[in-house]
Amino acid sequence: MTERIDEKKLVEHLRKGDVIAFDTLFDEYSQKLFGFALKYLKNESEAEELVQEVFIKVWENRKSLKSGLSFKAYLFTISLNQIRKYFKKRAISLRYFQSLKDEKELAENTTEQYVDYESTLAQLNKIIGQLPPRRREIFIKCKMEGKNSKEIAAELNISSATVDNQVSESLRFIRSNLNDTSIALLLMGVLFLF
């Protein structure tokens, strides 16, 4: 019972912008959230990023926290929504790469080129997965969902220049990490130079 009262007080202080209350709640719940996210994401760095994103949302929405509701339930609801978004993005990415693969299979290519293509796709997907979450989100919206800078800026409440900057940084990171093979260059042309 005391624990719940302490939590209510911490939430009340957090609503007023108390950083110590925020840190205390972070210390209390971050490891539990990490374990929860890890079960779904199966990747430690992605689980850590998710925990950070959840607590950023908590801080940004602190004034609308309701002291009568369970803070723990609130955190896990946000986490579940973030995990759903992650899997939705992953599904879009997989569908996109599958469509490229289907187009590739229709073309007449040698077995060696096909193996190179598959390897490059896997490498590209892995590299995109290493981008910071916000940059990855912007990149996917731009290059895979086909949205322009203004649409993304309006959706994410950021400037068009920020969108362009994030896409440029993503491309720079991907180019520097993609193996220099002819199929890689072809794929880069198809994906990023239109």
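Residues numbered from 1 in each chain as written. Predicted model: local features only at pLDDT ≥ 70, side-chain atom pairs only at ≥ 80, totals over all residues. Heavy atoms only, no water.

A.B. asks: Can you help me understand the overall build of the protein in this one?
C.D. replies: Within the protein, the secondary structure is distributed over nine helices and zero strands. Reading the secondary structure of the protein in the N-to-C direction produces α-α-α-α-α-α-α-α-α. Total accessible area computed for the protein in this model is approximately 11900 Å², and 53% of it derives from carbon and sulfur atoms. (Helix = DSSP H or I, 4+ residues; strand = E, 2+ residues; numbered from the N terminus. Areas by Shrake-Rupley, 256 points an atom, 1.4 Å probe, with all protein chains shown as cover.)

A.B. asks: Please explain the pattern of salt bridges as it appears in this structure.
C.D. replies: Side chains bearing opposite charge may pair, as long as their charged atoms lie close to each other. Counted by the stated rule, this structure contains seven salt bridges. R15 is the salt-bridge partner of E12, the closest N and O atoms lying 3.4 Å from each other. With E12 and R15 both in helix α1 (residues 2-15) and three residues apart, the pair spans about one turn of that helix. In this structure R15 comes out as partly exposed when scored by relative accessible area, which is 30%. (Salt bridge = Lys/Arg side-chain N within 4 Å of Asp/Glu carboxyl O. Buried < 20%, exposed > 50% of the residue type's maximum accessible area, 1.4 Å probe, protein only.)

A.B. asks: Would you mind showing me how to read the packing of aromatic side chains here?
C.D. replies: Given two aromatic rings, one states the distance between the centres and the angle between the planes to describe the pair. All told, the structure shown has seven aromatic pairs when counted by the stated rule. Relative to F55, the ring of F26 lies with its centre 4.8 Å away and its plane at 70°, an arrangement referred to as edge-to-face. Taken together, the positions of F26 in helix α2 (residues 19-41) and F55 in helix α3 (residues 44-60) put the pair 29 residues apart, joining distant regions of the chain. Using a relative accessible area of 2% as the deciding quantity, one classes F55 as buried. Aromatic rings pair up to connect F22, F26, F55 and W59 into one cluster. (Phe/Tyr/Trp six-rings, centres within 6.5 Å; stacked < 30°, edge-to-face > 60°.)

A.B. asks: Could you clarify how one ought to interpret the nonpolar core in this entry?
C.D. replies: In globular proteins that are soluble, nonpolar side chains generally tend to be buried together. Counting residues in hydrophobic clusters, the biggest one holds 24 residues, and the most contacted among them are L14, L33, F55, V58, F71 and L75. Listing elements by their share of this core, those giving two or more residues are α1, α2, α3 and α4 (71-106). In terms of residue count, the dominant contributor to this core is α2 (nine residues). In this structure F71 touches E7, V11, L14, L25, Y29, V58 and L65, once residues within four positions along its chain are discounted. One finds L124, I128, I152 and I174 within the second-largest nonpolar core, a separate group that totals 14 residues. (Core = buried A, V, L, I, M, F, W, Y, C linked by side-chain atoms within 4.5 Å. Contact = heavy atoms within 4.5 Å.)

A.B. asks: It is not clear to me how the packing of α2 against α3 should be interpreted in this structure. Could you clarify?
C.D. replies: Each packed pair of helices is defined by two parameters, the angle between the axes and the distance between the axes. In the contact formed by α2 and α3, the axes pass within 8 Å of each other and the chain directions differ by 140°. As summarised for this structure, α2 and α3 are arranged oblique, according to the angle between their axes. The two elements α2 and α3 cross, and the hand of that crossing is right-handed. Counted together, V19, F22, L25, F26, Y29, S30, L33, F34, A37, L38 and L41 of α2 and E44, E46, A47, E48, L50, V51, Q52, V54, F55, V58 and W59 of α3 form the full contact between these two elements. Broken down by class, the residue content of the contact of α2 with α3 amounts to 17 nonpolar, two polar and three charged. (Axes fitted to C-alpha atoms, helices over the stretch in contact; angles between N-to-C directions. Parallel < 35°, antiparallel > 145°, perpendicular 65-115°, else oblique. Left-handed = near helix turned anticlockwise from the far one by under 90°. Nonpolar A, V, L, I, M, F, W, Y, C, P; charged D, E, K, R; others polar.)

A.B. asks: I tried to follow helix α7 (residues 149-156) on my own but got confused; where do I start?
C.D. replies: Each α-helix turn comprises 3.6 residues. Residues three or four places apart therefore point the same way. Among all positions in α7, only S149, I152, A153 and L156 are buried. Around the axis of α7, the buried residues are gathered within 100° of arc, so they sit on the same side. More than 90 degrees from the buried face of α7, the exposed residues found are K150 and A154. Positive phi shows up at N157, right after α7, with a value of about 60°. (Arc of directions from axis to C-beta.)

A.B. asks: What is the right way to read the packing of α7 against helix α8 (residues 160-177) from this model?
C.D. replies: For the pair α7 and α8, the least separation of the axes is 8 Å and the interaxial angle reads 110°. Accordingly, the angle class assigned to the pair α7 and α8 is roughly perpendicular. Only S160, V163 and D164 of α8 make contact with α7, whose side of the interface consists of S149, K150, I152 and A153. Residue composition of the contact of α7 with α8, by class: three nonpolar, two polar and two charged.

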